Amino acid sequence: MRNIEHNNIFELISLDTGISESDLITKLRSMGRRSFLDYAAKNGLTLIGTSMPFGSEVFDPNGKILINSGVPIGKYLDALLDRYVNDDRFQTSSISIKCTSDVLSYYRSKTYERIEMILNDFIFSQNQYSSFYDKIKENMLEVKALDVFNRAVDHMLASSDGITAMVKIFKNATDKRELITDNFNSAFISLALTPFSRNILIGDESGGFLTKIALTSILQNIAQLMDCDNNQDCMERSAQIAKSLINDDSVEDAIRIKTYADGDKSVPIFADQINRKNFFLRMLITVNLFVELVKINKTDPHNLEVHKSLYELAELGYADKEMVSFISKLFLPAVKSLVLEYAYKIKNSCGADPVIWSTIGDMLPVKFLCPKPNCLHAGQHKTFIPEDVKIEADNVYQTRINAGMYHTCKMLTDKLQDYFKSVSQKAED
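Residues numbered from 1 in each chain as written. Predicted model: local features only at pLDDT ≥ 70, side-chain atom pairs only at ≥ 80, totals over all residues. Heavy atoms only, no water.

Q: Explanation requested: the environment of Phe290 in the structure shown.
A: Relative to the helices and strands, Phe290 resides in helix α15 (residues 279-296). For Phe290, a relative accessible area of 0% puts it in the buried group. Residues in contact with Phe290, not counting those within four places in the same chain, are Ile189, Pro301, Val306, His307, Leu310, Ile327 and Phe331. (Helix = DSSP H or I, 4+ residues; strand = E, 2+ residues; numbered from the N terminus. Buried < 20%, exposed > 50% of the residue type's maximum accessible area, 1.4 Å probe, protein only. Contact = heavy atoms within 4.5 Å.)

Okay, here's the thing in structure tokens:
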């Protein structure tokens with residue numbers, strides 16, 4: 001197994017203590033080396049007493065060898081920290097740790113500690129997702145999502161590349177909390193959606209496909225967690241890391257293409273039929289948009305308006321229609337999910353591009369609005385939409401709902417009401 005790579009000594013201390021890398025450097029320079037080590041020891045620093053050896057030489061900014069390969073970390077740690085205290089511009093080359101059995105055991109143990117911290121402090125504590133994660137923890141969903149998630153972590157910890165990637169996730173966990181939380185939310189929602197895609201899972205009894213789904217979400221922007229700034233570079237690096245850990249070209253392609261969908265000028269990538277054939281991309285993009293809608297609108301995943309927005313984005317090619325339907329089935333009551341899906345199905349039977357409209361916030365979509373006042377099916381009731389409707393997510397998306405006066409479409413509204421009564425009756429029986 002190859003050596004485990006770190007940008008610097010603080011990345012390793014961050015994993016050991018759970019303190020962010022940037023905070024460690026600041027505290028060292030303000031406290032001095034002795035007080036800093038006392039502070040780090042109180043936060044669980046264990047490196048000093050270990051036999052963890054450097055896997056290659058460590059160089060100073062001038063290319064001079066500071067520490068030889070094979071030397072235990074604890075031997076020169078004091079001297080290395082003193083250099084940082086005495087010189088604000090001091091930095092070293094990247095450091096590598098030799099993969100002995102004790103070292104691997106250490107990294108795996110620390111990784112599981114950090115995962116547990118993130119799950120408990122970041123993920124399971126979210127109020128808006130509380131009922132969803134209660135089901136996850138109690139195995140009330142068809143897929144045992146937490147077990148699959150843990151298998152994904154195990155897969156990453158089976159290689160030095162995977163361990164290095166996990167370290168990058170944890171090193172600035174507090175600073176990157178929102179990004180990590182979004183990724184983990186996407187992973188768990190994606191796992192919960194897979195029972196709706198049974199045709200994909202045929203012949204995958206081992207759970208390997210599910211593990212790939214979890215890893216795709218975790219690794220989708222791993223380069224940003226490494227402090228990568230350039231979007232194009234982040235995309236390539238994230239895709240390359242995913243490729244090294246998941247032997248599946250479609251996963252690598254999904255992570256690479258995802259950046260285009262997240263760019264400053266968002267692209268409706270599902271207008272391209274080829275993209276609609278990549279299951280990982282369909283799930284990744286659509287679930288990410290859903291998570292973003294919930295966050296930006298400061299609501300919860302059970303809000304009907306969020307699901308309507310997602311359907312609108314699917315109509316425009318920014319999300320996958322089938323995945324949108326699956327998400328509504330996961331989070332909405334059965335009747336709401338069925339009626340919303342049916343509304344968008346019959347909407348496209350009219351060439352006038354009618355609008356699905358709710359009279360009050362989270363109520364079922366009770367009527368269709370038509371922009372053509374002279375239509376044969378236009379009702380007497382009018383609705384004025386004062387401004388163009390936009391959907392705010394990563395970017396602001398312009399919908400096809402334009403400002404103006406609309407008439408209720410009697411034909412489609414009556415059809416939807418009849419369907420609503422039908423499914424409501426079945427639900428009661």
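Q: I'm lost on the side chain of Thr383 in this one. Help?
A: When you line up the elements, Thr383 lands in strand β7 (residues 378-385). Separated by 3.2 Å, the side chains of Thr383 and Lys367 make a polar contact. Among all residues touching Thr383, those that are not within four sequence positions of it are Trp357, Lys367, Leu369, Gly404, Met405 and Tyr406. (Polar contact = N/O pair within 3.5 Å; in protein donor to acceptor, adjacent residues only side chain to side chain.)

Q: Please explain helix α11 (residues 208-219) as it appears in this structure.
A: Three- or four-residue spacings in an α-helix give side chains the same orientation, since the helix completes a turn every 3.6 residues. Its 12 residues give α11 an end-to-end C-alpha distance of 16 Å, which sits within 8% of 16 Å, the value for a rise of 1.5 Å per residue. When you tally the buried positions in α11, you get 10 out of 12 residues, the bulk of the element. Every buried residue of α11 is accounted for by Phe209, Leu210, Thr211, Ile213, Ala214, Leu215, Thr216, Ser217, Ile218 and Leu219. (Expected span 1.5 Å × (residues − 1).)

Q: Even after reading the chapter, I still don't get the packing of aromatic side chains, so can you show me in this structure?
A: Two descriptors summarise a pair of aromatic rings, namely the distance from one centre to the other and the angle between the planes of the rings. Scanning the model with the defined rule gives 18 aromatic pairs in all. Between Phe10 and Tyr84, the ring centres sit 4.7 Å apart and the planes meet at 75°, which makes this aromatic pair edge-to-face. Of this pair, Phe10 sits in helix α1 (residues 9-17) while Tyr84 sits in helix α4 (residues 73-86); the two residues are 74 residues apart in sequence, bridging distant segments of the chain. Per residue, the accessibility class of Phe10 equals that of Tyr84, and both read buried. Aromatic side chains Tyr133 and Phe188 sit 5.6 Å apart centroid to centroid with 90° between the ring planes, which places their arrangement in the edge-to-face category. One end of the pair, Tyr133, is in helix α6 (residues 130-137); the other, Phe188, is in helix α9 (residues 177-193), and 55 residues separate them in sequence. By relative accessible area, which is 0% here, Tyr133 ends up buried. Connected via pairs of aromatic rings, a cluster forms that spans Phe124, Tyr129, Phe132, Tyr133, Phe149, Phe184, Phe188, Phe290 and Phe331. (Phe/Tyr/Trp six-rings, centres within 6.5 Å; stacked < 30°, edge-to-face > 60°.)

Q: Just checking my understanding: could you explain the side chain of Thr413 for this structure?
A: Mapped onto the elements of the fold, Thr413 is located in helix α19 (residues 410-428). In this structure Thr413 comes out as buried when scored by relative accessible area, which is 8%. Among the polar contacts made by the side chain of Thr413, one reaches the main-chain amide nitrogen of Phe368 at a distance of 2.9 Å. Separated by 2.7 Å, the side chain of Thr413 and the backbone oxygen of Cys409 make a polar contact. Apart from the residues lying within four places of it in its own chain, the contact partners of Thr413 are Val366, Lys367, Phe368 and Thr408.

Q: Would you mind showing me how to read the packing of α1 against helix α8 (residues 160-171) here?
A: A pair of packed helices can be characterised by two numbers: the angle between their axes and the separation between those axes. Running from amino to carboxyl end, α1 crosses α8 at an angle of 75°, the nearest separation of the two axes being 9 Å. The orientation of α1 relative to α8 falls into the category roughly perpendicular. Taking contact as the criterion, the partners of Glu11, Ser14 and Leu15 in α1 are, on α8, Val167, Lys168, Phe170 and Lys171. Across the contact of α1 with α8, the residue classes break down as 3 nonpolar, 1 polar and 3 charged. (Axes fitted to C-alpha atoms, helices over the stretch in contact; angles between N-to-C directions. Parallel < 35°, antiparallel > 145°, perpendicular 65-115°, else oblique. Nonpolar A, V, L, I, M, F, W, Y, C, P; charged D, E, K, R; others polar.)

Q: Looking at this structure, how should I read α8?
A: Look at α8: 16 Å from first C-alpha to last across 12 residues, which is about the 16 Å you get at 1.5 Å a residue. Burial analysis of α8 places 11 of its 12 residues in the buried class, which makes it a mostly covered element. Where α8 is concerned, the buried positions are Ser160, Gly162, Ile163, Thr164, Ala165, Met166, Val167, Lys168, Ile169, Phe170 and Lys171.

Q: Any chance you could explain the pattern of salt bridges here in plain terms?
A: A side chain with one charge may pair with a side chain of the opposite charge, provided their charged atoms come close. In the structure shown here, the tally under the stated rule is 22 salt bridges. Residues Asp16 and Lys110 are paired through a salt bridge, measuring 3.6 Å at the closest nitrogen-oxygen approach. Taken together, the residues span a long stretch of sequence, with Asp16 in helix α1 and Lys110 in helix α5 (residues 101-123) at a distance of 94 residues. Assessed through its relative accessible area of 1%, Asp16 is described here as buried. With a shortest N-O distance of 3.1 Å, Arg282 and Asp320 are connected by a salt bridge. Here Asp320 lies in the loop between α16 (304-315) and α17 (321-331) and Arg282 lies in helix α15, a separation of 38 residues in the sequence. Overall, Arg282 belongs to the buried group, its relative accessible area being 10%. (Salt bridge = Lys/Arg side-chain N within 4 Å of Asp/Glu carboxyl O.)

Q: Just to check I follow, could you spell out the sheet that holds strand β6 (residues 367-370) for this structure?
A: Remark on secondary structure: sheet strands pair via backbone hydrogen bonds, oriented parallel or antiparallel. Spatially, β5-β6-β10-β7 is the arrangement adopted by the 4 strands of the open sheet, whose pairing is antiparallel. In this open sheet, the two edge strands, each paired with only one partner strand, are β5 (355-357) and β7. Neighbour to neighbour, the strand axes of the sheet diverge by 40° on average, direction disregarded. For β7 and strand β10 (residues 404-409), the ladder comprises 5 bridges, and the chain directions are antiparallel. Paired with Ile385 across the strands is Gly404, a residue of β10. Packing of α19 onto the sheet brings it into contact with β6, β7 and β10, and relative to β10 it is tilted by some 55°. (Pairing = 2+ DSSP bridges.)

The values reported here are purely geometric and, on their own, carry no functional implication.
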